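Structural overview
Each chain, written out:
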Amino acid sequence: MNVVTPQVREILAEIRASTGDFRSARTMPPEVYTSEEFFQFEWESVFAREWLCLGHVSQLPENGDYFAINVGPEPLIVTRAEDGEIRVLSAICQHRGYPILENGETGNAKRLRCPYHFWSYELDGSLATAPEMTRTCPLQELKDETALPALKVELFGGFIFANMDPDAAPLGPTLDKLAPEMEAFDTVNLKAVKTVDYPNQPWNWKGMHENALEPYHTLFVHAGYHDVAPAQNATFLEWDENDGQVMHPTGFREMDAAFTPSGQPVLPIIAGLDETRRSRVMFASIPPVVFFAFSPDQVFVFLVLPESADSMTLRVTWLFPESSIKEPTFEWALDVQNIINGAINEQDFVTNRRMQRGQRSRYAKRGRYSHLESTLPQFNNWLVKRYESYLAQTGERLPEPADA
Ligand code: FES
Ligand SMILES: [Fe+2]
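Residues numbered from 1 in each chain as written. Chains lettered and ligands numbered in written order. Predicted model: local features only at pLDDT ≥ 70, side-chain atom pairs only at ≥ 80, totals over all residues. Heavy atoms only, no water.

**Some details on the pairing of strand β12 (residues 246-251)**
Here β12 lies mainly inside the structure; 6 of its 6 residues are buried. Along β12, one buried face is formed by Val246, His248 and Thr250 and the opposite face, lined by Met247, Pro249 and Gly251, is buried too. Pairing analysis gives 6 bridges linking β12 to strand β13 (residues 280-286), with the strands arranged antiparallel. Across the sheet, residue His248 finds its bridge partner in β13, namely Phe283. (Buried < 20%, exposed > 50% of the residue type's maximum accessible area, 1.4 Å probe, protein only. Helix = DSSP H or I, 4+ residues; strand = E, 2+ residues; numbered from the N terminus. Pairing = 2+ DSSP bridges.)

Written as structure tokens, this is what we have:
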């Protein structure tokens, strides 16, 4: 399917004006958020070739554990098979294409069975049984030619990444800036305590990352809630061409703070963090799916799972060290913290929803960025590089920006 349609080409014609830094870049063309054709282009140029974060190893502690997660039109299953290895499989049954699990299903099993005609698969994806098929061919023949397709997998800091492109370059070498955070928070050994889905959110997946990555709005949209980490305390990093992450820290007014009315944490401070990390929140995206916030008392994870240009599911997971989880007040503290986090999220949801509506207006313009939005042209740089490399394969090039 040719996804570089005339409309997509028209949108891309001026897109380079959104690259560079906050002084020079213009905001993205509004159509990148609203056009279904552009979403199809992004599906092929970004999602089908990039590393997609699907969860954390602690969500599959035992052999036999699995969970299902849909990314766009692709239902996927993350498994830990008998050999202990983590795999990411397509959930599409190789008989006639029934998705064998629904988004969000989790469990522990020896095999996965398709509900349609009961073909069953081992957790490594190989076919185990298929009823009423021996008149067609011997079972062994069917087994030899049938397996749930496996995606390429890479673990980074305990997070599970999958790639639909079998030739994808490794992710790790692009994450030099984020690796020290993962190490300091010992993310490999953190535990996911809770996962909540917010389905059918009516905005574009990029809007979700943008809002999460820029501190500018926190002064206004989250006034009061965010005062403990004011946007003026945000700092930004230089952008490198090969960066696989977009990230920036915002400093707290004081060490060991949290987003609570008093500014004091209700959850335990994570043991072993240095003073720098106890004094800030590090916000980071590894596009296109995952966004993290590393706070002194918790790591939370947003998975941005698009369904179309203007719809996505947000999957939120909270990670803690075992020592925090064992505290007798942990459940209570998490509930209290989540009342506040929920209120902040709701403010962002309203913002994202209205922004998406604004992008549909004929008067939506390509505005300028504040220095407090330095991460947004960086995110654009990341995206445009992917758009360009996809086009290059089709022999096309993007026009230079008008003022270059
Ligand atoms: S489609 Fe799965 S068994 Fe038929
Ligand atoms: Fe926000």
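**Looking at the coordination of the iron ion (ligand 2)**
The iron ion (ligand 2) binds to the protein through His217 (NE2), His222 (NE2), Asp348 (OD) and Asp348 (OD), with metal-donor distances spanning 2.1 to 2.5 Å. Here the iron ion (ligand 2) is ringed by 4 donor atoms whose angles at the metal span 56 to 150°, and the overall shape comes out irregular. For the iron ion (ligand 2), all donor residues lie on one chain, and their spacing in sequence is H-x4-H-x125-D. One end of the pair, His217, is in the loop between α6 (205-213) and β12; the other, Asp348, is in helix α8 (residues 330-359), and 131 residues separate them in sequence. For His217, a relative accessible area of 9% translates into the label buried. On the basis of relative accessibility, which here comes to 11%, the residue Asp348 falls in the buried class. (Donors = N, O, S within 2.8 Å, 3.2 Å for Na, K, Ca; no water. Tetrahedral: all angles 85-135°; square planar, octahedral: opposite > 155°, others 65-115°.)

**Remarks on the sheet that holds strand β5 (residues 106-108)**
Sheet architecture is open: 4 strands sit in the order β4-β3-β2-β5, paired in antiparallel fashion. The open sheet is flanked by β4 (86-90) and β5, the only strands paired with a single partner. For this sheet, the mean inter-axis angle between neighbouring strands, taken without regard to orientation, is 25°. Judged from the 5 bridges that link them, strand β3 (residues 74-80) and β4 form a sheet pairing that is antiparallel. Its bridge partner lying in β4, Arg80 is registered against Ile86. (Axes fitted to C-alpha atoms, helices over the stretch in contact; angles between N-to-C directions.)

**Topic: the nonpolar core**
Residues Phe41, Phe292 and Tyr387 are the most contacted members of the largest nonpolar core, which totals 100 residues. Sort the elements by how many residues they give to this core and helix α9 (residues 375-393) lands first, with 8 residues. If sequence neighbours within four positions are ignored, Phe292 has contacts with Phe159, Leu178, Met182, Met282, Phe283, Ala284, Ile286, Phe300 and Val301. By size, the runner-up hydrophobic cluster in this structure holds 20 residues, among which are Tyr66, Leu101, Cys114 and Ala130. (Core = buried A, V, L, I, M, F, W, Y, C linked by side-chain atoms within 4.5 Å. Contact = heavy atoms within 4.5 Å.)

**Comments concerning the pairing of strand β16 (residues 311-320)**
Most of β16 is tucked away: 10 of the 10 residues are buried. The alternating pattern of β16 places Ser311, Thr313, Arg315, Thr317 and Leu319 and Met312, Leu314, Val316, Trp318 and Phe320 on opposite faces, both of which are buried. As paired elements, strand β11 (residues 191-201) and β16 share 8 bridges and run antiparallel to each other. For Asp197, the partnering residue across the bridge sits in β16 and is Arg315. Here 9 bridges tie strand β15 (residues 298-308) to β16, and the two strands are oriented antiparallel to one another. Across the sheet, residue Leu305 finds its bridge partner in β16, namely Thr313. What sits between the antiparallel neighbours β15 and β16 is a turn of 2 residues.

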